[in-house]
Amino acid sequence: MSPSSLIFKNNTWKIGVRLTIMSLGSLLIGFLANQFLNRGIHWKILLLSLPGTSEQTKWHYVSTDSAFSIFLQQEVLFVDIRNREDFEIDHIPNAFSLPFFSYFNNSEQFHQQNRDATFILYDLERNSKDVRLVARQVIKDKFSSVYILRGGFVEWLDRTYPVEGGHFE
Amino acid sequence: MNRAWQKWLIIVLRLGFGSLLIFASIDKIQHPHTFAELVENYRVLGEGLSRWVAVWIPYLEALTGLLLILFIWKEATVVMNCLLMLIFLILVSQAYVRGLDIRCGCFFVEGESTIGLLKILENLLYAGLAFLLVELTMRGVK
């Protein structure tokens, strides 16, 4: 019998407890530290990441062409979740800037929006994971009509649809 | 191997693994979202659980590394170190076998090489040394 197996027999309980403390302790430290990190994984994101939470979501995808038609009717608020630097360079006209990290840390400004309005959320890329997370949270925050621009801002630019830039409130 | 050699080997291995784990954790702690994507790329856990792992594993590495260097909880830390090395070896190996063209994310979350045979051998070496450390530590305790 090897020395380690001998010791395991005598010390298994003690080692097991310490391994558990290390595991749970590091999970707790990691969880807390991420709340304070500038670009940490916020607890709301972690909660939304738990298995089963995606079933509660009710967003819809909208194609770029359909989004442009709605844009022309001006009956919708576009929400840009890219970081502010990118938003300032260019964005869909009259879009609301809601950077991914800011929303999970402080969403008060967005909560002042009309909850019955229709929102189309977009990120830079097509099928962005971040935009799906924001959509889930927006729906959890009692906004009823939430859409995701499936093609992202990239496809909007590809179609040469209008953009504006250069200012930010 | 005489006891003096064993003692020195334990010290070297503990300090070596401790430094390695702390070094490996720093970039992951600074970029948790990017690390979560790397974890997801291994296609073992889903998108959601990958985020939990990204919150947990870097801190477990850092804590284990710190305890190894400080010689605290000698047996438990070497066992945890061995478990971590085994998990990394299994993850890297399964990715290679499945032909996943992904970055390792072992030390840096960006700009690191893709997984290949060399990376598996590297992880195999770490796992072997970690197991040796467990054996030596348990002998020392006895």
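A.B. asks: Run through the overall build of chain A, naming residues and quoting values.
C.D. replies: Secondary structure summary: chain A contains eight helices and five strands in total. Listed by position from the N terminus, the elements making up chain A come as α-α-β-α-β-α-β-α-α-β-α-β-α. Burial analysis of chain A (169 residues in total) assigns 31% to the buried set. Put simply, 71% of the contacts in chain A that link residues at least 6 apart link residues at least 24 apart.

A.B. asks: I'd love a proper account of the interface of chain B and chain A, names of residues and values included.
C.D. replies: Counting from both sides, the interface comprises 26 residues of chain B and, opposite them, 28 residues of chain A. Mapped by element, the contributors of at least two residues to the side of chain B that touches chain A are α2 (32-41), α3 (47-70), α4 (74-97) and α5 (117-141) of chain B. No other element matches α3(B), which puts 12 residues into the side of chain B that touches chain A. For the side of chain B that touches chain A, the per-class residue count stands at 17 nonpolar, three polar and six charged.

A.B. asks: Give a description of the environment of A:E155 that names residues and reports values.
C.D. replies: All names here are of chain A. Tracing the backbone through its elements, the reader meets E155 in helix α8 (residues 152-158). By C-beta crowding, E155 is classed as partly exposed, having 18 other C-beta atoms within 10 Å. With 31 residues separating them along the chain, E155 and L124 place their C-alpha atoms 8.7 Å apart. In this structure E155 touches T64 and R126, once residues within four positions along its chain are discounted.

A.B. asks: So what about the confidence of the model for chain A? Which residues, and what values?
C.D. replies: Taken residue by residue, chain A gives an average pLDDT of 84. The fraction at 70 or more is 88%. Within chain A, the element-level pLDDT minimum falls on helix α6 (residues 108-111) of chain A, averaging 74, and the maximum on α8(A), averaging 94.

A.B. asks: Lay out the nonpolar core in plain terms, naming residues and giving numbers.
C.D. replies: Ranked by size, the top nonpolar core spans 72 residues in total, and within it A:I120, A:L121 and A:V134 carry the most contacts. The leading source of residues in this core is α4(B), at 11 residues. Residue contacts for A:L121: discarding those within four places in its chain leaves A:V79, A:I81, A:V131, A:V134, A:A135, A:V146, A:Y147, A:I148 and A:L149.

Rules used throughout
Residues numbered from 1 in each chain as written. Chains lettered and ligands numbered in written order. Predicted model: local features only at pLDDT ≥ 70, side-chain atom pairs only at ≥ 80, totals over all residues. Helix = DSSP H or I, 4+ residues; strand = E, 2+ residues; numbered from the N terminus. Buried ≥ 20, exposed ≤ 12 C-beta atoms within 10 Å, placed from the backbone. Contact = placed C-beta atoms within 7 Å. Nonpolar A, V, L, I, M, F, W, Y, C, P; charged D, E, K, R; others polar. pLDDT = per-residue confidence, 0-100. Core = buried A, V, L, I, M, F, W, Y, C linked by C-beta atoms within 7 Å.

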